[in-house]
Amino acid sequence: MSSGIPSVELRNVSKSFGELLAVDELDLDLASGEFFTLLGPSGCGKTTTLRMIAGFEQPSEGEILIEGTDVAGLPPHKRPTNTVFQSYALFPHLSVEDNVAFGLKRKRVPKEEIRKRVAAELERVGLAAEARRRPAQLSGGMQQRVALARALVNLPKVLLLDEPLGALDLKLRKGLQVELKRIQREVGITFVYVTHDQEEALTMSDRIAVMNGGRVEQVAGPEEVYERPATTFVAGFIGVSNLMPAAVTGTGEVRLDQGPVLTATTDGLSPGARCHAVVRPEKLRVDAVGSEARANGLPQVGGVVESSVYLGTATQLVVDLGEAVRMTVLVPNSSEAERRELPGAGVRVTLSWEPEHMHVVRESPGAEPTPDNEAERGEQHARAST
């Protein structure tokens, strides 16, 4: 990624649809050549943000700059961007190569250059042998590759991708995640990717902006977002979370509602502030009460096993700590004998973890999104006007 002028800058950007506030005072800087993902549930404002960068929507307030140039008021076709949508939007009567060449022909690019650039992009996406075929003769994954090639052939400074893999089956989607990241590294341009799929975001991104209620709650690399979430919303949305209610008792110290006083990083939290302690399921150890425990002075809480489910590679235990607090534990099925020793439903257990695996998060400032909330209706309006 380049360390020069940001590829995309959003400065205090807001977007309203009538009285509906879809994006609220957004500030983001995207580096040149970065794979940047806007991640969040339906209605969080991610699609509206992408559409404002593309020019399909204009911000109600704020500025959008691409490589230092203010693009406010410019229509999509005059911006140095291209967009790949979930719907492939291919011309059914044109061949694959003619679909890819369409934009270049409209720009009156010389025929020989068109031929070379189209051939290069079809080779890049693995469809050189399908150049003469029509879209209806291709699988969904192939059609999405055509849409990607059609966008890349125009040499955009920024490629915008609005949940492009959402309509594909799981196996194909996973394969294309790897392909997309390879292509992005190869072409070296900025990708702005919108998804609600946490695994997609963690797999492909250089950085992730987790959005909730029209605001960004955290911007960081995949490892930091997963291991060190900033808020309860981020902790709950990225992967499976275990949130233990707690209160700050002093600098670097918290008391769990269901357990002891523990040492923890409490940056920015004052004594008395409410918070949550997060430990990911794969970081927890579980021991039946009365067995030879492995805690050895580690932080721990007690509870009762509510359920035990075999998941193939791991066994998932849900442990009730009381007061509506439940902890999920993932134990790798590396040994059949050890798996059979795991405590079953109704057994009292102790959960323990290494101190460095617990992270303290503040309450999320954003509202929890619901399927019929207003922000989602704003995004639905945006999609409908494409």
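Note that this is a predicted model, so its numbers are computed, not measured.

## A word on the side chain of R79
Okay, step 1: Tracing the sequence through the fold places R79 in the loop between β5 (69-70) and β6 (81-84).
Okay, step 2: The side chain of R79 is buried and forms no salt bridge, while D70, the nearest opposite charge, is found at 7.2 Å.
Okay, step 3: There is a polar contact of 2.8 Å between the side chain of R79 and the backbone oxygen of M52.
Okay, step 4: Looking at R79, its side chain comes within polar contact range of the main-chain oxygen of I53, at 3.0 Å.
Okay, step 5: The residues touching R79, leaving out its near neighbours within four places in the chain, are M52, I53, A54, G55, Q58, V71, A72, G73 and L74.

## Quick word on the pairing of strand β18 (residues 325-332)
Okay, step 1: Here strand β17 (residues 314-322) pairs with β18 via 8 bridges, running antiparallel. Bridged to L317 within β18 is V329.
Okay, step 2: Hairpin connection of β17 to β18: 2 residues between the antiparallel strands, including E323 at a positive phi of 55°.

## Quick notes on the sheet that holds strand β19 (residues 348-352)
Okay, step 1: Strand order in the open sheet formed by 5 strands is β15-β19-β16-β17-β18, and the pairing between neighbours is antiparallel. Single-partner strands in this sheet number two, and they are β15 (285-288) and β18. In this sheet, adjacent strand axes meet at a mean angle of 40° when their direction is disregarded.
Okay, step 2: Relative to β19, β15 runs antiparallel, the two being bridged by 4 bridges. Looking at β19, one finds that R285 is bridged to S352.

## Structural notes on the confidence of the model for the chain
Okay, step 1: Across the chain, the average pLDDT comes to 88, with 92% of residues at or above 70.
Okay, step 2: Confidence scores differ between elements of the chain, with helix α10 (residues 374-384) showing the lowest mean pLDDT of 45 and strand β3 (residues 35-39) the highest of 97.
Okay, step 3: Counting interchain partners and residues more than four positions distant, the pLDDT-below-50 stretch residues 367-386 has 37 contacts.

## Focus on the environment of G272
Okay, step 1: Relative to the helices and strands, G272 resides in the loop between β13 (261-263) and β14 (274-278).
Okay, step 2: Look at G272 and you get exposed, because its relative accessible area is 56%.
Okay, step 3: Sequence separation between G272 and V261 is 11 residues, and the spatial gap between their C-alpha atoms is 13 Å.

## Some remarks on the sheet that holds strand β4 (residues 61-66)
Okay, step 1: Spatially, β2-β1-β4-β5 is the arrangement adopted by the 4 strands of the open sheet, whose pairing is antiparallel. Of all strands in the sheet, those bounded by a partner on one side alone are β2 (20-30) and β5.
Okay, step 2: Pairing between β4 and β5: 2 bridges, direction antiparallel. By the bridge assignment, L65 is partnered in β5 with D70.
Okay, step 3: On top of the sheet, helix α1 (residues 46-54) reaches β1 (8-17), β2 and β4; it is set at about 115° to β1, its chief contact.

## What about the pairing of β19?
Okay, step 1: With respect to burial, β19 is a largely interior element, 4 of its 5 residues being buried.
Okay, step 2: Relative to β19, strand β16 (residues 300-310) runs antiparallel, the two sharing 5 bridges. The residue bridging G303 from the neighbouring strand is V349, located in β19.

## Observations regarding empty space enclosed by the protein
Okay, step 1: A full pass over the atoms with the stated rule returns 1 cavity of 30 Å³ or more.
Okay, step 2: By volume, the largest cavity is sized at about 100 Å³.
Okay, step 3: Contributing to the lining of the largest cavity are V84, Q144, R145, L148, L161, P164, L165, L176, E179, L180 and I183.
Okay, step 4: Going through the elements one at a time, α4 (140-152) and α5 (170-187) are the ones with two or more residues in the lining of the largest cavity.
Okay, step 5: If one sorts the elements of the lining of the largest cavity by residue count, α5 sits on top with 4 residues.
Okay, step 6: Residue classes in the lining of the largest cavity are distributed as 8 nonpolar, 1 polar and 2 charged.

About the cut-offs
Residues numbered from 1 in each chain as written. Predicted model: local features only at pLDDT ≥ 70, side-chain atom pairs only at ≥ 80, totals over all residues. Heavy atoms only, no water. Helix = DSSP H or I, 4+ residues; strand = E, 2+ residues; numbered from the N terminus. Buried < 20%, exposed > 50% of the residue type's maximum accessible area, 1.4 Å probe, protein only. Lys, Arg positive; Asp, Glu negative; His and termini not counted. Salt bridge = Lys/Arg side-chain N within 4 Å of Asp/Glu carboxyl O. Polar contact = N/O pair within 3.5 Å; in protein donor to acceptor, adjacent residues only side chain to side chain. Contact = heavy atoms within 4.5 Å. Pairing = 2+ DSSP bridges. Axes fitted to C-alpha atoms, helices over the stretch in contact; angles between N-to-C directions. pLDDT = per-residue confidence, 0-100. 1 Å grid on protein atoms, 1.4 Å probe; cavity = no way out; pocket = protein on both sides within 12 Å on 5 of 7 lines; lining within 4 Å. Points joined across faces, edges and corners; volume = space filled by probe spheres on them. Nonpolar A, V, L, I, M, F, W, Y, C, P; charged D, E, K, R; others polar.

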